[in-house]
Amino acid sequence: MQTRRDDVVKQQAAPVEARVAALVADMTLEEKLAQLQGVWVDAGAGDGVAPLQGAMLDAPPPFEEFARDGIGQITRFYGTAPVEPAEAAPRLRERQRWLVESTRLGIPAIVHEECLTGLAAWRATTFPAPLSWGASFDPDLVERMATAIGTTMRSLGVHQGLAPVLDVVRDARWGRVEECIGEDPYLVGTIGTGYVRGLQRAGVVATLKHFVGYSSSQAGRNLAPVHVGPREVADVLLPPFEMAVLDGGARSVMHSYADVDGVPAAADRERLTGLLRDTWGFDGVVVADYFGIAFLASLHGMASGLADAARLALTAGVDVELPTGNAYGTPLAEAVRAGAVDVGLVDRAVERVLRQKADLGLLDERFDEPTSAPPPSVDPPEHRALALQLAQESVVLLANDGTLPLRAPGRVAVIGPNADRATALFGCYSFANHVLDKRPEVPLGIETPTVLDAVRAQLGAEVTFAPGCDVSGDDRSGFGDAVRLATEADVAVVVVGDQAGLFGRGTSGEACDVESLELPGVQRALVEAVLATGTPVVLVLVTGRPYATGWALDSCAGVVQAFFPGEKGATAIAQVLTGGVNPSGRLPVSLPRSAGSQPTTYLRARLAGTSDVSSVDPTPVRSFGFGLSYTTFRHEALAVATATVETTGTLEVSVRVSNTGTVAGTDVVQLYGRDPVASVVRPVAQLLGYARVTLDAGQSATVHLAVPTTRLAFSGVDLRRVVEPGTVELWVGPACDQRETEAVVELVGPVHAVTTGDPRWVTTTVERS
């Protein structure tokens, strides 16, 4: 076939905009629409990894037939079925070379993959899930992790990652809580932006999802309507996206499946264009969540068919349909030719796609020779070391009567359904639980010790084991063995929690929503049976959401929480149990008292708290920011440099933190604020800034935080985002509800209308004594 590839090469010296304009002017309608679609020719091999996949996909044609006019994206080449990455990389290069040599325009495709807990490919490093990122309060480490992930992806020919998830947790019943970073928008924004920076530093486009409102679904159900007001959207749900776009430079955004107050995100022009592009200045590419455009017709009832759905989405600002071309293919072509859709909207989206391909170097890449050899391992030692460090920093100690750390325990009974299962350590977007759960004959492909393995390796003690029960189900036949081993032991380590999965195949994960926040199955009964033996019980929770485990906090000798800590997570847990690691994780989500408190958040109004006019107590049993250590910390002398600060200014705050215990440890200094009188209702506590500080026993440090007043901004009565003058209460403590040291500052001056040019970040420095 005669191609224009030589013409394109000759234009390499031309400005990108000129090259893009020339390409668009030369394209047929079919060639334009091809750039707005993905191709998922191996989708049948990965049945069950996308919502309603079976209903939405017909038998895929051969790649060469589907992509005869070119193609915008190749969908999940590595992440659909188990393939050896080093063997698959040359095959991907051959597909790209075919596009260069056998299509008229010779434009390669962007290749995208899931990468929420590492590249979702066989044998690739599986890192901790995002709730663990939040528990670490360490955006720098998350940024390093993302760079490692992106380096692997780019070496395999992948250009775009469908991560991070910036949804703010609102309801623990929602199955996708495990994919989120936490319940505070600033924590989500800082850590999520760190991920974006790290991934894109490696040359991989980060995709922010799910824009916006997905996590606020009715009753915590997946893909359910969202009933929140514009103020909550603006002040809680949007800030992480704003930070990742304006401060992280994110190059792609994925729309949410949800409809917010009756408007599906895929058809929401006000947000996809008015806010994202016109206000925030985003100039990247908006992609559809899988089948999300077609859902405008089939699920939302907003469109009369696929052509109408394409019109709505394209008008709103959705540039690329993923995973394939249900609506942006033939239906959209027919609508354009019939005059129902302006071809200018198509051109606008194509221009954005081509600019992104130019940024990635794809317009000049010929794929005739490998740009680099695939890595010898996609789970190298340096990535495993990062996975271990993040797991270590994210384990949260919830309760301890002094039993922990286990110094010389003698006989240890390790009990529970999550004690000896590697997949219990992974989230639903890990390759193991996303793809391999339907392929039990395929080995895991990465070395992953279980908690039982790690405890045996860490302890010089006799260790016995009984699972006791399964994660789900009501079979109690294993209780007898568990009770017998506990009776014979000096301490029982009981490991319970979740199994991540998709669409009902797990107890946590996409479409694995719950009505109750009790531990799944009969796991609580197992713990209570072991407690009844009188043997001290250390409870280890390996979960994807916070459960209502307040009953265990006083009855167990110790309680440890790990949120799907990844392939090195069991090692980190064992190190915490034995004192090799002093726990420093803090809760990124509140630990609920019961499911009846949902939806909830620590960012609550006064009316949402305990009162004598309601019989329901919504107080969490462990608050946002809580986490114990094997040492103790004291916070004192909180001060603001000046008693008054202009509404356009910066609060210069300092606080002294001291390690008052006998061993070294890491504290997470948490600065909270409250606006007691405002023009609209404000939360009783709000995280303003934070800093991880490692101190030797007896050592002190002064933490300085430069807090822009915009950290106290909110949407006023007229929904304009403002900073109002008035008194602000400040405090530092070990959790959001504990005021260990306090200060007051007065904001003065006129009401300040916040713009995108205002600072959003708190700068912290640590001055050690």
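Presented here is an overview of the structure given in this document. (Residues numbered from 1 in each chain as written. Predicted model: local features only at pLDDT ≥ 70, side-chain atom pairs only at ≥ 80, totals over all residues. Heavy atoms only, no water.)

## Let's talk about the packing of helix H10 (residues 230–237) against helix H11 (residues 239–246)
In contact at an axis separation of 5 Å, H10 and H11 are set at 45° when each is read in the N-to-C sense. Judged by the angle between their axes, H10 and H11 are oblique. Of the residues in H11, those touching H10 at Val233, Ala234, Asp235, Val236 and Leu237 are Pro239, Pro240 and Phe241. Looking at the contact of H10 with H11 residue by residue, the class counts come to seven nonpolar, no polar and one charged. (Axes fitted to C-alpha atoms, helices over the stretch in contact; angles between N-to-C directions. Helix = DSSP H or I, 4+ residues; strand = E, 2+ residues; numbered from the N terminus. Parallel < 35°, antiparallel > 145°, perpendicular 65-115°, else oblique. Contact = heavy atoms within 4.5 Å. Nonpolar A, V, L, I, M, F, W, Y, C, P; charged D, E, K, R; others polar.)

## A short note on the environment of Ala605
Of note, Ala605 is situated in the loop between helix H23 (569–578) and strand E16 (633–640). Owing to a relative accessible area of 25%, Ala605 belongs among the partly exposed residues under this scheme. Counting along the chain gives 76 residues from Ala605 to Val681, while the straight-line C-alpha distance between them is 6.7 Å. Setting aside residues no more than four positions away along its own chain, Ala605 makes contact with Val681, Arg682 and Val684. (Buried < 20%, exposed > 50% of the residue type's maximum accessible area, 1.4 Å probe, protein only.)

## Quick notes on the packing of helix H2 (residues 16–26) against helix H16 (residues 343–359)
In contact at an axis separation of 10 Å, H2 and H16 are set at 130° when each is read in the N-to-C sense. As the angle between them shows, H2 and H16 are arranged oblique. As for the relative orientation of H2 and H16, their crossing is right-handed in sense. Each of Val16, Glu17, Val20, Leu23 and Val24 in H2 lies in contact with H16, whose residues at this interface are Asp347, Val350, Glu351, Leu354, Arg355 and Ala358. (Left-handed = near helix turned anticlockwise from the far one by under 90°.)

## Section: unusual backbone geometry
Here the bond from Leu322 into Pro323 is cis, since omega is 5°, no more than 30 degrees from zero. Of note, Pro323 is situated in the loop between helix H14 (306–316) and helix H15 (330–337). Backbone torsion omega between Leu404 and Pro405 reads -5°, so that peptide bond is classified as cis. Along the chain, Pro405 turns up in the loop between strand E10 (396–400) and strand E11 (411–415).

## Digging into the packing of aromatic side chains
Applying the stated criterion to the full structure yields 17 aromatic pairs. Each ring, one from Trp133 and one from Tyr195, has its centre 5.1 Å from the other, and the planes form 10°; the classification is stacked. Taken together, the positions of Trp133 in helix H7 (residues 130–136) and Tyr195 in helix H9 (residues 185–201) put the pair 62 residues apart, joining distant regions of the chain. An identical accessibility class is assigned to Trp133 and Tyr195; each is buried. With 6.2 Å between their ring centres and 70° between their planes, Tyr186 and Tyr690 make a pair best called edge-to-face. Of this pair, Tyr186 sits in helix H9 while Tyr690 sits in strand E20 (residues 686–695), and the two are 504 residues apart along the sequence. (Phe/Tyr/Trp six-rings, centres within 6.5 Å; stacked < 30°, edge-to-face > 60°.)

So, to be careful, I would describe these as geometric facts and stop short of saying anything about function.
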